[in-house]
Amino acid sequence: MADTPEELDAWVAELASELGIDVTEVPTGALLDLTRDVAHGVTRPAGPLTTFLVGMATARGTDVDSAIATAQSLVERRAT
């Protein structure tokens, strides 16, 4: 289990490599922030599903920052 930031970074780097993804393209902090906000603002199980959907959108050509911003905006709209 990744108990430290270093272990988390190592896991992300290893998985990215296995998936053929350049680890520098993984916005770990932004994804973790989004997952936290969704888990607290919507429902806990929505966190990982949201990051999956952001990944799918990115795979289909949406810029990752835009996909994250769209999801974050929806969380904020639901909170009001």
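In the block above lies the structure referred to throughout.
So, here is what we can say about the structure in this document. (Residues numbered from 1 in each chain as written. Predicted model: local features only at pLDDT ≥ 70, side-chain atom pairs only at ≥ 80, totals over all residues. Heavy atoms only, no water.)

**Side note on the overall build of the protein**
Here comes step 1: The number of helices and strands found in the protein is 4 helices and 0 strands.
Here comes step 2: Counting from the amino terminus, the protein carries its helices and strands in the arrangement α-α-α-α.
Here comes step 3: Each principal axis of the C-alpha atoms in the protein carries an extent, and together these give about 40 × 30 × 15 Å.
Here comes step 4: For the protein, the residues scored as buried account for 16% of the 80 residues in total.
Here comes step 5: As displayed, the protein offers around 5800 Å² of accessible surface, 58% of which is attributable to carbon and sulfur atoms.
Here comes step 6: Distance from the positive charge centre (5 side chains) to the negative charge centre (13 side chains) of the protein: 17 Å. (Helix = DSSP H or I, 4+ residues; strand = E, 2+ residues; numbered from the N terminus. Buried < 20%, exposed > 50% of the residue type's maximum accessible area, 1.4 Å probe, protein only. Areas by Shrake-Rupley, 256 points an atom, 1.4 Å probe, with all protein chains shown as cover. Lys, Arg positive; Asp, Glu negative; His and termini not counted. Charge placed at Lys NZ, Arg CZ, Asp CG, Glu CD.)

**Focus on the side chain of T50**
Here comes step 1: Tracing the sequence through the fold places T50 in helix 3 (residues 46-59).
Here comes step 2: Residue contacts for T50: discarding those within four places in its chain leaves L34, V38 and A71. (Contact = heavy atoms within 4.5 Å.)

**Comments concerning the environment of I68**
Here comes step 1: With respect to the secondary-structure elements, I68 resides in helix 4 (residues 64-79).
Here comes step 2: Through-space distance from the C-alpha of I68 to that of A30 is 7.6 Å; in sequence the pair is 38 residues apart.
Here comes step 3: With residues up to four places along the chain from it excluded, the contact list for I68 reads P27, A30, L31, L34 and V54.

**Digging into the layout of surface pockets**
Here comes step 1: The volume enclosed by the largest pocket comes to roughly 730 Å³.
Here comes step 2: What lines the largest pocket is a set of 23 residues, and nearest its centre among them are I21, V26, P27, L31 and T51.
Here comes step 3: Mapped onto the lining of the largest pocket, the elements with two or more residues apiece are helix 1 (5-18), helix 2 (28-41) and helix 3.
Here comes step 4: Ranked by the residues each element gives to the lining of the largest pocket, the list is headed by helix 3, at 8 residues.
Here comes step 5: Here the residues of the lining of the largest pocket are counted per class, giving 16 nonpolar, 6 polar and 1 charged. (1 Å grid on protein atoms, 1.4 Å probe; cavity = no way out; pocket = protein on both sides within 12 Å on 5 of 7 lines; lining within 4 Å. Points joined across faces, edges and corners; volume = space filled by probe spheres on them. Nonpolar A, V, L, I, M, F, W, Y, C, P; charged D, E, K, R; others polar.)

**Regarding helix 3**
Here comes step 1: Given a rise of 1.5 Å per residue, 14 residues ought to cover 20 Å, and the 20 Å separating the end C-alpha atoms of helix 3 matches this to within 8%.
Here comes step 2: Considered for burial, the residues of helix 3 that qualify are A46, G47, T50 and V54. Viewed along the axis of helix 3, the buried residues span an arc of 100°, placing them on a single side of the element. Exposed residues pointing more than 90 degrees away from the buried face of helix 3 are listed as L49, F52 and A59.
Here comes step 3: One or two residues past the end of helix 3 sits G61, with phi positive at roughly 110°. (Expected span 1.5 Å × (residues − 1). Arc of directions from axis to C-beta.)

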